[in-house]
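Next come the chains, spelled out residue by residue.
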Amino acid sequence: MPDILAHVLFAYGICTLLSLRYKWISPQYKTMGMLGALIPDLYKIYLLVPNAAVESFLGLPFDWFALRTAGGVVVAVVMAAIIFVPREQRRGIAVLLIGAVSHLIADLFLTTPTGQSFPILWPLTSYRPLTPNLYHSTQPTVTVVFGVFAFAAFAIVKLVNRSSIVE
Amino acid sequence: MIFLTCAGLLLGMMVISGATLEQAYPDLPHESDVVDDPETYVGETVLLEGRVVDVDPVVIAVSTGEGTRRFTLAGTSQAIKPGAYVEVYGTLEDPDTIRVIEAVAITDEGLWYAYLISVIGVVWVLVRLFRHWRFDRQAWGLRPQTGVTEEETATPTQEEPRDA
């Protein structure tokens, strides 16, 4: 994955641009979108609690990797709806999902030795799209590029809102 | 109720993915296969991760729970630093040599960068979360904090519908 800051910046930029069209996306909801961008990386729990440890505990095969797929993310976000008061649940789910999906999409471009990315649409299909091998998480340039995108989105929305106020 | 259903569903998915989905790439011999029994996989395409222990030629040490084995990487033109972490996709020519199709090297500094910058990312989100959302004890859940003083709060329609 690009580093987490890059993912968060990406989600911020997307939510900011969407706020032009969907006025309810206030800074609060952008923050939720950014939080959503952290969800797919939860699969890294395997670094602390390895798959093998869970397997021996459950007595069943197990892989955290499901969290880093479309199916896993959707279920995790619906589950996360419990943290909101009822009237915020729909919007909360929407922005969390936007952030999480933006994360998966950014991960599609990661460099891998086989040239294949990960099964993003699982469990619909286990197909692994080809990756253009654009970047990996250890490059500061990647963070900068996503930062520029986030700032551009911020600036554009600011300009548009200002000009609409002047009118 | 939805929460429990989803929790169960997610657990189920993790079990199924554990049974059916080889994490990164399917159908290729991995570290544990090749390190335990390299002779079996000679001539096959393998995918391994290891640490660079020598650079001319490049030699990587691949460790599993069972033990460590060294492989020489043939046919790589990349400048690979000792200590770097390499993902190798290639053909096992003999029990000690991998003919590289593609190798991705990640340095220690790179890993530290990724960790550090990721922590900054998480902290940024948490700070925003505490400023922008508050826990409503009565309704038992999060609701947006009103009157957030961030310059970008100037999404005008949110506070005062202008087109009204």
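None of the values given here were measured: they were computed from a predicted structure.

A. Structural detail: the packing of aromatic side chains. Summed over the entire model, instances satisfying the criterion amount to 13 aromatic pairs over all chains. Considering the side-chain rings of A:Tyr29 and B:Trp133, the 5.5 Å spacing of their centres and the 90° angle between planes classify their relative orientation as edge-to-face. Note that A:Tyr29 is positioned in helix α2 (residues 27-36) and B:Trp133 in strand β6 (residues 133-136), a pairing that runs across two chains. When the ring of B:Trp112 is compared with that of B:Tyr115, the centres are 6.4 Å apart and the planes differ by 80°; the resulting orientation is edge-to-face.

B. Structural detail: the nonpolar core. The biggest cluster of nonpolar side chains holds 54 residues, and the ones touching the most others in it are A:Met32, A:Phe146 and B:Leu10. Elements that contribute at least two residues to this core include exactly α1 (4-21), α2, α4 (70-80), α5 (89-107) and α6 (140-166) of chain A together with α1 (2-20) and α3 (108-132) of chain B. If sequence neighbours within four positions are ignored, A:Met32 has contacts with A:Phe84, A:Val95, A:Leu96, B:Leu129, B:Trp133 and B:Leu142. Core analysis: the second largest hydrophobic core is formed by 19 residues, B:Tyr41, B:Val52, B:Val88 and B:Leu92 among them.

C. Layout of the pattern of salt bridges. Residues and elements named next belong to chain A. All chains considered together, the criterion is met by seven salt bridges over all chains. Arg68 is the partner of Asp107 in a salt bridge, and the nearest nitrogen-oxygen pair spans 3.2 Å. A residue pair is termed long-range when its members are at least 10 positions apart, and Asp107 in helix α5 and Arg68 in the loop between α3 (51-58) and α4 qualify at 39 residues. By relative accessible area, which is 1% here, Asp107 ends up buried.

Cut-offs used in this document
- Residues numbered from 1 in each chain as written.
- Chains lettered and ligands numbered in written order.
- Predicted model: local features only at pLDDT ≥ 70, side-chain atom pairs only at ≥ 80, totals over all residues.
- Heavy atoms only, no water.
- Phe/Tyr/Trp six-rings, centres within 6.5 Å; stacked < 30°, edge-to-face > 60°.
- Helix = DSSP H or I, 4+ residues; strand = E, 2+ residues; numbered from the N terminus.
- Core = buried A, V, L, I, M, F, W, Y, C linked by side-chain atoms within 4.5 Å.
- Buried < 20%, exposed > 50% of the residue type's maximum accessible area, 1.4 Å probe, protein only.
- Contact = heavy atoms within 4.5 Å.
- Salt bridge = Lys/Arg side-chain N within 4 Å of Asp/Glu carboxyl O.

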